[in-house]
Amino acid sequence: MLDGIAERLEAVTRSFADILDLGCFDAAFPAPIGARIARCDPGYAFAANANGVQADEDRLPFADASFDLVVSAGVLDQVDDLPGALSLIRRVLRPDGLFLGAFVGAGSLPALRAALRVAEADRPAARLHPQIDVRSAGDLLMRAGFALPVADVETLDVGYRDLGRLLGDLRGMAASNMLKQRQPMSREIFGRTLAAFGDAADDRGRTHETFQIVFLTGWSPDPSQPKPARRGSATTSMTDALKPRG
């Protein structure tokens, strides 16, 4: 996710002086030379290790127009109030400030979901928190008031030798069951899930899991930004434009 954010940032020609790393984890996002960077994470230990501030993404403690760049990797899909979090991110940005975010989106973990359906065919239970698809993510950017919003998705394929390695990765990225109402998994159900996941392995003994990484790009509104043409201002009809040229 940080690599994807860095690639999108490289395409921007302007410089940034004050940056907020939202969901800083291990402070792996590097501050550009000469820029000031504030770190913020909902986890106390992560915030402390990064010399940052502990705060939820939908309850930011920063003043309006404090930053000209906000980056967020891997946390916004776990927020109770994502529309509120995006609105706060826009508010802490200065006019013409940039937001770049990334998180695991809808369509991820199909192999795990399939194994759970096999294991719990009679009484399926919710084991994963809801995920956001790329279209909804773009709509949320617009709803939060961002200008020039863009939402795109990149697919990451990972091969696992066993279910335990996948579950370890999910725990490490805080993507395991975060629902308030959770049903415990019995050893019998876990055993069936383990077997079903293994049955999906390829000839190399690896079960392939898919992660859909949703990337968000949005700008804080500013009069200097390009505007869409006024409706009805076109001087050429679509019919004429599509006519074959002789």
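Calculation notes
Residues numbered from 1 in each chain as written. Predicted model: local features only at pLDDT ≥ 70, side-chain atom pairs only at ≥ 80, totals over all residues. Heavy atoms only, no water. Pairing = 2+ DSSP bridges. Helix = DSSP H or I, 4+ residues; strand = E, 2+ residues; numbered from the N terminus. Buried < 20%, exposed > 50% of the residue type's maximum accessible area, 1.4 Å probe, protein only. Arc of directions from axis to C-beta. Contact = heavy atoms within 4.5 Å. Polar contact = N/O pair within 3.5 Å; in protein donor to acceptor, adjacent residues only side chain to side chain. Salt bridge = Lys/Arg side-chain N within 4 Å of Asp/Glu carboxyl O. Phe/Tyr/Trp six-rings, centres within 6.5 Å; stacked < 30°, edge-to-face > 60°. Lys NZ or Arg CZ within 6 Å of the ring centre and 35° of its normal. pLDDT = per-residue confidence, 0-100. Core = buried A, V, L, I, M, F, W, Y, C linked by side-chain atoms within 4.5 Å.

Colleague: Let's hear about the sheet that holds strand β2 (residues 36–41): which residues, and what values?
Modeller: With mixed pairing, the seven strands of this open sheet are ordered in space as β3-β2-β1-β4-β5-β7-β6. The outermost strands of the open sheet, each flanked by one partner alone, are β3 (53–54) and β6 (147–160). Note: strand β1 (residues 18–22) against β2, five bridges, orientation parallel. If you follow L20 over to β2, its bridge partner there is A38.

Colleague: Account for helix α5 (residues 134–143), naming residues and giving values.
Modeller: Looking only at α5, the buried set comprises A137, G138, L140 and L141. All buried residues of α5 project into a common sector of 160 degrees when viewed along the axis, lining one side. Turned more than 90 degrees off the buried face of α5, the exposed positions are R135, M142 and R143. Against the buried residues of α5 lie α3 (82–92), β5 (93–104), β6 and β7 (207–219). Capping the start of α5 is the job of one residue whose side-chain oxygen sits 3.3 Å from the backbone nitrogen of R135: D133. Count one or two residues on from α5 and you reach G145, which has phi positive near 95 degrees.

Colleague: Please give an account of the pattern of salt bridges that cites residues and values.
Modeller: Side chains carrying opposite charge are able to pair once their charged atoms draw close together. Per the counting criterion, the structure on display carries nine salt bridges. A salt bridge links D96 to R14; the nearest nitrogen and oxygen atoms lie 3.6 Å apart. With D96 in strand β5 and R14 in the loop between α1 (2–10) and β1, this pair connects stretches of sequence that are 82 residues apart. D96 sits in the partly exposed class, given a relative accessible area of 22%. For D68, the salt bridge identified is with R94, shortest N-O distance 3.7 Å. Residue D68 is located in strand β4 (residues 67–73), and its partner R94 is located in strand β5; the two are separated by 26 residues in the primary sequence.

Colleague: Quick rundown of the packing of aromatic side chains? Include the residues and the values.
Modeller: One pass over the structure, following the stated rule, counts three aromatic pairs. Between F62 and F67 the ring centres are 5.3 Å apart and the planes differ by 85 degrees, which places this aromatic pair in the edge-to-face class. With respect to burial, F62 and F67 carry one shared label: buried. We note R8 situated over the ring of F215; from NZ or CZ to the ring centre the distance is 3.8 Å.

Colleague: Quick rundown of the environment of F197? Include the residues and the values.
Modeller: Take F197: it is sitting in helix α7 (residues 187–199). A relative accessible area of 2% places F197 in the buried class. Along the primary structure F197 and V118 are separated by 79 residues, whereas in three dimensions their C-alpha atoms are 9.3 Å apart. Apart from the residues within four sequence positions on either side, F197 is in contact with A111, L112, A115, Y160, D162, L163, L166, T207 and E209.

Colleague: Now, about unusual backbone geometry: what can you tell me, with residues and values included?
Modeller: The residue A27 is not glycine, and still its phi comes out positive at about 60 degrees. Unlike most non-glycine residues, L148 shows phi in positive territory, near 50 degrees. Looking at where L148 falls in the secondary structure, it is placed in strand β6. For L148, a relative accessible area of 39% translates into the label partly exposed.

Colleague: Can you tell me about the confidence of the model for the protein, naming the residues and giving the values?
Modeller: Detailed reading of the predicted model is not advised wherever pLDDT is low. On average, the protein scores 89 in pLDDT, and the residues at 70 or more come to 92%. By mean pLDDT, helix α8 (residues 238–242) is the weakest element of the protein at 66, and β1 is the strongest at 97.

Colleague: Account for the nonpolar core, with residues named and values stated.
Modeller: Membership of the largest hydrophobic core comes to 32 residues, with the highest contact counts inside it found for I5, L98, L112, L166, L170 and F211. Secondary-structure elements contributing two or more residues to this core are α1, β4, β5, α4 (110–119), α6 (163–172), α7 and β7. If near-sequence neighbours (up to four positions away) are discounted, L170 is found in contact with L109, L112, A175, S176 and F211. Of all hydrophobic cores here, the second largest spans 28 residues; its members include L20, L60, L141 and A144.

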